[in-house]
Structure formats: structure tokens, C-alpha cells
Amino acid sequence: HVRDEAYLNNYLGKDWSYHDYRNVEIDDFILASEEITQRGYFVFRMGKKVKKPIKTSNPMIIDYANSDMRSDFMDIYLGANCTFLLSTNSGFNSIPTMFRRPIAFTNFVPLSHLDTFVDNSLFIAKHHYSKKKEKNLTLSEISFSDITCTHRVEEYEKQGIELIDNTPEEIRDLALEMIDRLEGNWKFDETDNKLQEKFWSIYLSSDYNKFFNDR
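In this report, we go over the structure that sits alongside the text.

**Focus on the packing of helix 2 (residues 30-38) against helix 7 (residues 168-182)**
- At their nearest, the axes of helix 2 and helix 7 sit 7 Å apart, and the two run at 30 degrees to each other. Relative to helix 7, helix 2 is oriented roughly parallel. Seen from above, helix 2 lies across helix 7 with right-handed handedness. Residues L31, A32, E35 and I36 of helix 2 lie in contact with helix 7, whose contacting residues are P168, E169, I171, R172, A175, L176 and I179.
- Partitioned by chemical class, the residues of the contact of helix 2 with helix 7 number eight nonpolar, no polar and three charged.

**Focus on the packing of aromatic side chains**
- Considering all chains together, one arrives at eight aromatic pairs under this definition.
- Ring geometry for F123 against F199: centres 5.7 Å apart, planes inclined by 55 degrees, an arrangement best described as tilted. Of this pair, F123 sits in strand 5 (residues 122-125) while F199 is found in helix 8 (residues 190-203), placing the two residues 76 residues apart along the sequence.
- According to the relative accessible area criterion, F123 is partly exposed, its value standing at 24%.
- Owing to a relative accessible area of 16%, F199 belongs among the buried residues under this scheme.
- Arranged with centres 6.2 Å apart and planes meeting at 85 degrees, the rings of W200 and Y203 form a pair that is edge-to-face.

**Structural notes on unusual backbone geometry**
- Following V109, the chain continues into P110 via a peptide bond in cis, with omega recorded as -5 degrees.
- Tracing the sequence through the fold places P110 in the loop between strand 4 (103-108) and strand 5.
- With phi around 55 degrees, N107 is a residue other than glycine that occupies positive phi space.
- Among the structural elements, N107 can be located in strand 4.
- Positioned with a positive phi, E134 is a non-glycine residue whose angle comes to about 55 degrees.
- Counting through the fold element by element, E134 comes out in the loop between strand 6 (127-130) and strand 7 (135-136).
- Relative accessible area serves as the criterion here: at 61%, E134 is assigned to the exposed category.

Rules used throughout
- Residues numbered from 1 in each chain as written.
- Predicted model: local features only at pLDDT ≥ 70, side-chain atom pairs only at ≥ 80, totals over all residues.
- Heavy atoms only, no water.
- Axes fitted to C-alpha atoms, helices over the stretch in contact; angles between N-to-C directions.
- Helix = DSSP H or I, 4+ residues; strand = E, 2+ residues; numbered from the N terminus.
- Parallel < 35°, antiparallel > 145°, perpendicular 65-115°, else oblique.
- Left-handed = near helix turned anticlockwise from the far one by under 90°.
- Contact = heavy atoms within 4.5 Å.
- Nonpolar A, V, L, I, M, F, W, Y, C, P; charged D, E, K, R; others polar.
- Phe/Tyr/Trp six-rings, centres within 6.5 Å; stacked < 30°, edge-to-face > 60°.
- Buried < 20%, exposed > 50% of the residue type's maximum accessible area, 1.4 Å probe, protein only.

Set out below in C-alpha cells:
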């Protein structure tokens, strides 16, 4: 499920542009989708109203959001029975979460809203580029400032932060890691363990992140 502005603009009838920082291009998910099918899986592109179709001739990639098959009941069914969800920060995530399906979150923002309670989940965040520092911010620089819980486009602009989407290669790598984990083929090494420990040490030390994750 790849979030764009089409659903809010068509169904909820007001200016939602302040939420545009959460939007992502479906084109960036084609590479991942193609490689997922090479592992033997079908890919369903979810959504009730989307900005544009997914461009592929692969019969194992189904543009369900733009098909006659789409229904509210089928949304629930697919979310409850999928092997895993490859997604962005969107309301549809609640369905696989309720049915305890794994989620691979891409382009996640703001970090304080990360669904750390979702079992078997993985995530990568949008890159936070600081125009003042002329570099991507580190996890510590994000987590220990109110950037980690910023919710409006204009707030990011005011702080001089440009949110940069994950690349198609980053999304693909996340999806394939999820498959390897679910199939029991992922091998941990000492570097992985140290990076996990470092992430949790930083993330859970932030008062901003603890506030949202303890609620």
C-alpha cells in the first residue's frame, strides 16, 4: 500500500496538503514488486482511490486498487491473509496489524509514530536532509529533536528539513529481507545485532519517541 493524496482529496473534502510529506510515488515500488514475484509471490496493489496505476505487464502484480474486484470486504480479507504488507505510513496498516500480519514499513515519518508493537515488522524511514547542515540527519539528531514528531509540511519547511523518499533499491532490499526472514533464510551476524541494540538505545531514550510509544 503506497500512500498518495487521492483518497483524502476525493472522499474527505478539505485541504489535506499539510499531510503531503507522507505521500510516496507508486513507481518507486515497481522494482520491489517485480523481484517479489520472482520469489513466487503475488503482489496486490491496495487502495480505494489512487492517483495513478502501477505500470507493469507482470501478471503476478495485480493493480487491485484500479480493478473491478476491489471492495471494502476484500480489503479486509487481503489485509488479514497476506503473507506480509509492504507499505508506507497509512491507515490501511491497521488491518494487517489487527490480524497480526508482518509489515515492512517504507518511507516512515514521523519516527515517533513508528508501530514498534507490530510483531515481525521492519522499517526504513524517509531520509531527513538538513539544508542548514547540508547532510542527512542521523537517528540521534532526529530522535532528540521535535523533528521526530513533526506532522505538517510547513513545519518541516520551517525547520529546513527536506524529506527524501527511499530509493527503489532500498524498498526492494527491505522487501526481500522480509521474505528471507519469513522463510527462515535470514542470517544474523554480530554487526546486525550491534546495530539493532544501538537503534533501540537511541530510539527509546528519546522523550519524544517514548511519549508516543507508551501511550
